[in-house]
Amino acid sequence: MKEENENNAQHFLDLIQKSRKGKFKIYIGMSAGVGKTFRMLQEAHSLLKNGIDVKIGYIETHMRKETHELLAGLPIIPRRTIFYKGKELDELDVQAIINLRPEVVIVDELAHTNIEGSKNEKRWQDVLEILDAGINVISAVNIQHIESLNEDVKRITNIDVQERIPDNVLRLADEVVNIDLTSEDLIARLKEGKIYTADKIPTALANFFKSEQILQLRELALKEVASQVVRKVESEVPNLHALRHEKLLACISSNEKTAKIIIRKAARLASYYNGSWYVLYVETPKESSNRIALDKQRHLINNFKLAVQLGAEVIKLENSNITDAILKTVEQKQITTVCIGKPHFNLFKVILSTTIFRRLLNKLSLSNVDLVILS
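Keep in mind the model is a prediction, meaning the values are calculated, not measured.

Time to look at the pattern of salt bridges. The full count for this structure, using the stated rule, is 22 salt bridges. Here Lys23 and Asp174 are joined by a salt bridge, their closest N and O atoms 3.9 Å apart. Pair noted here: Lys23 is in the loop between helix 1 (2-20) and strand 1 (24-29) and Asp174 is in the loop between helix 7 (167-171) and strand 7 (175-179), with a separation of 151 residues, a long-range link. Looking at Lys23, the relative accessible area reads 52%, which means it is exposed. Judged by relative accessible area, Asp174 falls into the partly exposed class, the value being 26%. For Lys25, the salt bridge goes to Glu43, with nearest N and O atoms at 3.0 Å. Here Glu43 lies in helix 2 (residues 36-49) and Lys25 lies in strand 1, a separation of 18 residues in the sequence.

Pasting the structure below:
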């Protein structure tokens, strides 16, 4: 009874805190130049006309004429000046925004990394702080900056995007709007000099702005926004039928690359199903802390951090029997889907023939738990 009362009190406290937070809107696009900043400034003008106290916290026009002209008439909060390595640089002034308390603040470049010495390492952390202060935020980000899509983006563009935001930041948004353009329209804008200056256009066309790449990035952006809509419907529309709440368990090893792929793909699945998820690492005696190589230990810690960033709860167990550890976790956490990596083909045949793997399959099938092998 006491525990039930505590849970009810916590639920009510969560509702109060949620109501005090600012609303969060994100404009998302497949690449630079689709018009995210332009749309944010248009919206700022519309809000201002309707008597809303809106201010520009940080905007990056890249000196694009049409976009830059929209700054006229909008109140701008001065940026914070920082001297770094002999240069004068500027950043978003979070404290100034909180002190001024506008109803709405526009904060561009959500994936930006702050200058060393700033209170927060990333701009998305600045935005969360502003939201916690009860101020509404409109921001923007490109699809290639979403953490769990990093491998997909690298495959499409051959670029390893360094500035990324956790998927959970996108899930916190009250509204996600996709700024969509066809690849033809985007390339036409580039050629007309509406995205980059003339000297940068040939390089852009030869590298990032290829039609086939743009089409694939566009598909990623459309899928992301579609999954956001599904999550919003599931969380806000009362269920007519009791649906199974998905709980995913991603099982990783000390193999750095495989573990990273499993974590990112499991994060996508959890996001798609609007479910909670866990990352399980089973430490066997041969990988105990006094036996495992230092570089493997470091990679493991980095992968645990990545999992937490993407919204997972990390579980680390010591057990000589990996199957037992997985089954125990499945039962304790009421897991609905287990995700494992796809081993090397020859090894896969060996595993399939073992009683250990058969036992895992049999136990999971009996308890109505799905098994997903991620490649």
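What follows continues from the structure just given.
Core analysis: the biggest nonpolar cluster contains 65 residues, and Phe24 and Leu110 have the highest contact counts within it. Of the residues forming this core, the biggest block, five residues, is contributed by helix 10 (residues 211-236).

What follows concerns the packing of aromatic side chains. Applying the stated criterion across every chain, the model contains three aromatic pairs. The interplanar angle of 90° and the centroid separation of 6.0 Å between the aromatic rings of Tyr196 and Phe209 together place this pair among those described as edge-to-face. One end of the pair, Tyr196, is in the loop between helix 8 (183-191) and helix 9 (201-206); the other, Phe209, is in the loop between helix 9 and helix 10, and 13 residues separate them in sequence. Classification of Tyr196 by relative accessible area gives partly exposed; the value is 28%. With 6.1 Å between their ring centres and 55° between their planes, Tyr281 and Phe304 make a pair best called tilted. Of the two residues, Tyr281 sits in strand 9 (residues 276-283) while Phe304 sits in helix 12 (residues 294-309), which places them 23 residues apart along the sequence. The exposure class assigned to Phe304 is buried, which follows from its relative accessible area of 15%. Here the aromatic cluster, defined as three or more aromatic residues joined through ring pairs, consists of Tyr196, Phe208 and Phe209. A cation over a ring is seen here: Arg79 above Tyr58, with NZ or CZ 3.7 Å from the ring centre.

Scanning all chains against the criterion turns up one cavity of 30 Å³ or more. Space inside the largest cavity adds up to approximately 30 Å³. If you trace the largest cavity, you find it lined by Asp167, Arg171, Ala267, Ala270, Ser271, Trp277 and Leu310. Of all the elements in the fold, those that place two or more residues in the lining of the largest cavity are helix 7 and helix 11 (256-273). When residues of the lining of the largest cavity are assigned to their parent elements, the largest contribution, three residues, is made by helix 11. Along the lines of polarity and charge, the residues of the lining of the largest cavity split into four nonpolar, one polar and two charged.

What follows covers helix 5 (residues 123-132). Every buried residue belonging to helix 5 is among Arg123, Trp124, Asp126, Val127, Ile130 and Leu131, and all of these are buried. Projected down its long axis, helix 5 carries its buried residues within an arc of 150°, all on one side. Phi turns positive, to about 85°, at Gly134, one or two residues after helix 5.

A few words on the sheet that holds strand 12 (residues 370-374). Ordered in space as 10-9-8-11-12, the five strands form an open sheet in which the pairing is parallel. Edge strands, defined here as strands with exactly one partner in the open sheet, are strand 10 (313-318) and strand 12. Taking the axes of each pair of neighbouring strands and ignoring which way they run, one obtains an average angle of 25° across the sheet. Direction of pairing for strand 8 (residues 247-252) relative to strand 9: parallel, over a ladder of six bridges. Within strand 9, the residue paired with Leu249 across the bridge is Tyr278.

Turning our eyes to something else, we now look at the sheet that holds strand 6 (residues 136-142). Taken in spatial order, the five strands line up as 2-5-6-1-7 in an open sheet, and their pairing is parallel. The sheet is open, and its two edges are formed by strand 2 (54-58) and strand 7, each paired on a single side. Neighbour to neighbour, the strand axes of the sheet diverge by 20° on average, direction disregarded. Across five bridges, the pairing between strand 1 and strand 7 is parallel. Its bridge partner being in strand 7, Tyr27 is matched across the sheet by Val177. Sheet contacts for helix 2: strand 1, strand 2, strand 5 (104-107), strand 6 and strand 7; angle to strand 6, the most-contacted strand, approximately 165°.

With respect to the helices and strands, Lys296 occurs in helix 12. Overall, Lys296 belongs to the partly exposed group, its relative accessible area being 35%. Every residue in contact with Lys296, bar those within four places of it in the chain, is listed here: Ser254 and Glu287.

Sheet topology places strand 9 next to strand 10; six bridges connect them, and they run parallel. Residue Val282 lies in a different strand from strand 10, and its bridge partner there is Leu317. Each parallel crossover has a hand, and for strand 9 linked through helix 12 to strand 10 it is right-handed.

Calculation rules
- Sequence order sets the numbering: in each chain, residues are counted from 1 along the sequence as written.
- Where local features are concerned, this predicted model is filtered to residues with pLDDT of at least 70; where side-chain atom pairs are given and counted, the filter is 80 or more; whole-chain, interface and lining totals use all residues.
- Side-chain descriptors were evaluated using all non-hydrogen atoms of the structure, hydrogens and water having been removed beforehand.
- Salt bridge criterion: a side-chain nitrogen from Lys or Arg within 4 Å of a carboxyl oxygen from Asp or Glu.
- Numbering goes from the N terminus for both helices and strands, where a helix is a DSSP run of H or I of at least four residues and a strand is a run of E of at least two.
- We call a residue buried when its accessible area falls under 20% of the maximum for its residue type, exposed when it is over 50%, and partly exposed in between, using a 1.4 Å probe and counting protein chains only.
- Remark: nonpolar core denotes a set of buried residues (Ala, Val, Leu, Ile, Met, Phe, Trp, Tyr, Cys) joined through side-chain atoms within 4.5 Å.
- Here a pair means two rings of Phe, Tyr or Trp (six-membered ring of Trp) with centres within 6.5 Å. Their orientation is stacked below 30 degrees between planes, edge-to-face above 60, and tilted elsewhere.
- Geometrically, a charge over a ring is one whose NZ (Lys) or CZ (Arg) sits within 6 Å of the ring centre while staying within 35 degrees of the ring normal.
- Points on a 1 Å grid over protein atoms alone make up a cavity when a 1.4 Å probe fits among them but cannot get out, and a pocket when they form an open set with protein on both sides within 12 Å along at least five of seven lines; lining residues each have an atom within 4 Å of a point.
- Grid points are joined across faces, edges and corners, and a volume is the space filled by probe spheres set on the points.
- Throughout this entry, Asp, Glu, Lys and Arg are counted as charged residues, while Ala, Val, Leu, Ile, Met, Phe, Trp, Tyr, Cys and Pro are counted as nonpolar. The remaining residues, Gly among them, count as polar.
- For this quantity, the arc is that covered by the directions from the helix axis to the C-beta atoms.
- Strands were regarded as paired on the criterion that DSSP finds at least two bridges between them.
- To obtain each axis, a line is fitted to C-alpha atoms, and for helices this fit is confined to the stretch in contact; angles are then taken between N-to-C directions over 0 to 180 degrees.
- Contacts are assigned to residue pairs with any non-hydrogen atoms lying within 4.5 Å of each other.
- Consider the strands pointing away from the viewer: the crossover is right-handed when the path from the first strand over the helix to the second runs clockwise.

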